[in-house]
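# Summary of the model geometry
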Amino acid sequence: MVLFTWSPEATEEQKAAVAAGLSALPGQIPQIRSYAFGPDAGINTGNHDFAVVADFDDEDAYTAYRDHPAHQAVIADHIRPILASRAAVQYAC
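Residues numbered from 1 in each chain as written. Predicted model: local features only at pLDDT ≥ 70, side-chain atom pairs only at ≥ 80, totals over all residues. Heavy atoms only, no water.

## A closer look at the pattern of salt bridges
- Counting across every chain of the model gives 3 salt bridges.
- When the shortest N-O distance is used, the salt bridge between Arg33 and Asp57 registers 2.8 Å. Highlighted residues: Arg33 in the loop between α1 (12–28) and β2 (34–39) and Asp57 in the loop between β3 (50–55) and α2 (59–67), separated in sequence by 24 residues.
- Look at Arg33 and you get exposed, because its relative accessible area is 54%.
- Taking the relative accessible area as the measure of exposure, Asp57 reaches 62% and is therefore exposed.
- With a closest N to O distance of 2.8 Å, Asp67 and Arg66 form a salt bridge.
- Exposure remark for Asp67: the relative accessible area of 43% places this residue in the partly exposed category. (Salt bridge = Lys/Arg side-chain N within 4 Å of Asp/Glu carboxyl O. Helix = DSSP H or I, 4+ residues; strand = E, 2+ residues; numbered from the N terminus. Buried < 20%, exposed > 50% of the residue type's maximum accessible area, 1.4 Å probe, protein only.)

Printed below as a string of structure tokens:
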């Protein structure tokens, strides 16, 4: 699970590019078991702006996703340029 807060300068087009980039990853990275993401619903103030929840069968599958060139490209090209802060956790069910 990853939570992002966007910089105040982030445009709607940049935010849409993040979602578009993320939406392509399940088709490119077979180790992803389930994948969901989207903007905060705006119900509570002070939340992060965007969340990604991804499930993997094991640590090796997660590592393959984490290091996959397509995932790294989305981070470099779309997320990092508008990122103000990030929080993440990996947990086992």
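## Things to note about the sheet that holds strand β4 (residues 83–88)
- With antiparallel pairing, 4 strands are arranged side by side in an open sheet as β2-β3-β1-β4. The strands lining the two open edges of the sheet, one partner per strand, are β2 and β4. Ignoring strand direction, the axes of neighbouring strands in this sheet form an average angle of 15°.
- Summarising the sheet, strand β1 (residues 2–6) and β3 pair through 3 bridges and their orientation is antiparallel. Within the sheet, the bridge partner assigned to Val2 lies in β3 and is Val52.
- Packed onto the sheet, α1 meets β1, β2 and β3 and runs at close to 175° relative to β2. (Pairing = 2+ DSSP bridges. Axes fitted to C-alpha atoms, helices over the stretch in contact; angles between N-to-C directions. Contact = heavy atoms within 4.5 Å.)

## Things to note about the nonpolar core
- Of all hydrophobic cores here, the largest spans 21 residues; its most connected members are Trp6, Leu22, Leu25, Tyr35 and Tyr65.
- Of all elements in the fold, only β1, α1, β3, α2 and α3 (69–79) reach the threshold of two or more residues within this core.
- Apart from the residues lying within four places of it in its own chain, the contact partners of Tyr35 are Leu22, Leu25, Pro26, Val52, Val53, Ala54 and Tyr65. (Core = buried A, V, L, I, M, F, W, Y, C linked by side-chain atoms within 4.5 Å.)

## Topic: the layout of surface pockets
- Its volume calculated, the largest pocket comes out at about 710 Å³.
- Every residue lining the largest pocket is counted, 28 residues in all, and those nearest its centre are Met1, Ala54, Phe56, Tyr62 and Gln90.
- Those elements that provide at least two residues to the lining of the largest pocket are β1, β3, α2, α3 and β4.
- Class assignment of the residues belonging to the lining of the largest pocket gives a composition of 17 nonpolar, 3 polar and 8 charged. (1 Å grid on protein atoms, 1.4 Å probe; cavity = no way out; pocket = protein on both sides within 12 Å on 5 of 7 lines; lining within 4 Å. Points joined across faces, edges and corners; volume = space filled by probe spheres on them. Nonpolar A, V, L, I, M, F, W, Y, C, P; charged D, E, K, R; others polar.)

## Quick notes on the packing of α2 against α3
- Two numbers describe how α2 lies on α3: the axes approach to 5 Å, and their chain directions differ by 50°. The pairing of α2 with α3 is recorded here as oblique in orientation. Judged by residue contacts, Tyr65, Arg66 and Asp67 of α2 engage Pro69, His71 and Gln72 from α3.
- Tallied by class, residues from the contact of α2 with α3 come to 2 nonpolar, 2 polar and 2 charged. (Parallel < 35°, antiparallel > 145°, perpendicular 65-115°, else oblique.)

Structural measurements only, silent on function.
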